[in-house]
Amino acid sequence: MKLEAVTLNQEIQNDIIAKIRDLINYKNLEPGDKLPSERMLAERFEVTRSNVRDAIQKLEFYGLLKSIPQSGTFVANIGVIALNGMIEDILRLDKPDFKSLVETRILLELKTASLAATRRTEADLEHMKETLDAYNKKVMNNEDAVQEDLLFHLAIAKASGNSTMNTLMLTITPEIITNFEKYHVCDEDQSFLGIQEHTDIFEAIKNQDPALAKEKMKVHFKALYQYCYSE
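Residues numbered from 1 in each chain as written. Predicted model: local features only at pLDDT ≥ 70, side-chain atom pairs only at ≥ 80, totals over all residues. Heavy atoms only, no water.

It is worth spelling out the packing of aromatic side chains at this point. Summed over the entire model, instances satisfying the criterion amount to one aromatic pair. Between the aromatic rings of Phe61 and Tyr62, the centroid separation amounts to 5.1 Å while the plane-to-plane angle is 85°, which identifies the pairing as edge-to-face. According to the relative accessible area criterion, Phe61 is partly exposed, its value standing at 45%. (Phe/Tyr/Trp six-rings, centres within 6.5 Å; stacked < 30°, edge-to-face > 60°. Buried < 20%, exposed > 50% of the residue type's maximum accessible area, 1.4 Å probe, protein only.)

As structure tokens, this is what we get:
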């Protein structure tokens, strides 16, 4: 039932996105022109304001709309042909499979680790250490530490100083948390190995050694590499 609800919500969101596109075209809206309010769009499309808000946020994420507090939502500075093409691509996007998410995470984190080693601040190190300690505590108590594991990696992404990479990590992390144990990616021993591997990554970043940080991250992802590329 839960999967059916997610699918239905996706269909509603895509339908609203298509209708927003049609509205922009019908009214010949140009970059900088204002869209009707969420309330008016909800009434026009016969959906909830929450549905409209989700669709607008998705279009904002891809840079096609821009919401300004107290002012409204505006067409972004992009030509109508490009806008229509990008919306078509968005509507055709498939929900990424778990292996694709994990593969994307690996590619991102090899880069964020090396960047973090170059750009980290003392505040970043403190935050990383907190998440590292939280992970270690959960593992030593034989408790599930999937969330703490990913929070450590998100702390590294933040320390990379690249807001786009950080956003991408934040985008894919919830889906990874949901599916990590479902697909039995790592066994229990991996959690204990993670303590030392996380520490090695942290020390490399702390010592501002980008090559070592990347290498230690690669070692840490050995099981994920095997999961992604074993077939």
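Don't stop here, the text continues.
Together, Lys111, Arg119, Lys214 and Lys218 line one region of the surface with positive charge. Of all the secondary structure elements, the ones that give two or more residues to the positive patch are helix H5 (98-119) and helix H10 (210-220). Along the chain, Lys111 falls in helix H5. (Patch = residues over 30% accessible without salt bridge, like charges linked within 9 Å, V, L, I, M, F, W, Y side chains within 5 Å. Areas by Shrake-Rupley, 256 points an atom, 1.4 Å probe, with all protein chains shown as cover. Salt bridge = Lys/Arg side-chain N within 4 Å of Asp/Glu carboxyl O. Lys, Arg positive; Asp, Glu negative; His and termini not counted. Charge placed at Lys NZ, Arg CZ, Asp CG, Glu CD. Helix = DSSP H or I, 4+ residues; strand = E, 2+ residues; numbered from the N terminus.)

Attention now goes to helix H6 (residues 122-140). Taking 1.5 Å as the rise per residue, H6 with 19 residues should run 27 Å; its terminal C-alpha atoms sit 27 Å apart, in good agreement. All of the buried residues along H6 are Asp124, Leu125, Met128, Thr131, Leu132, Tyr135, Asn136 and Val139. Seen along its axis, H6 keeps its buried residues to an arc of 140°; they face one direction. Those residues of H6 that are exposed and aimed more than 90 degrees away from the buried face are Glu122, Ala123, Glu126 and Lys137. Phi turns positive, to about 55°, at Asn142, one or two residues after H6. (Expected span 1.5 Å × (residues − 1). Arc of directions from axis to C-beta.)

Turning our eyes to something else, we now look at the packing of H5 against helix H7 (residues 146-159). A pair of packed helices is captured by two measures, namely the crossing angle of their axes and the spacing between those axes. Where H5 meets H7, the axes come as close as 7 Å, and the angle between the chain directions of the two elements is 55°. Comparing the axis directions of H5 and H7 gives the class oblique. For H5 against H7, the interelement crossing comes out left-handed. For the pair formed by H5 and H7, the contact residues are Arg105, Glu109, Thr112, Ala113, Ala116 and Arg119 on the first element and Leu150, His153, Ile156, Ala157 and Ala159 on the second. Classifying every residue of the contact of H5 with H7 by side-chain character gives six nonpolar, two polar and three charged. (Axes fitted to C-alpha atoms, helices over the stretch in contact; angles between N-to-C directions. Parallel < 35°, antiparallel > 145°, perpendicular 65-115°, else oblique. Left-handed = near helix turned anticlockwise from the far one by under 90°. Contact = heavy atoms within 4.5 Å. Nonpolar A, V, L, I, M, F, W, Y, C, P; charged D, E, K, R; others polar.)

By themselves these figures say nothing about function.
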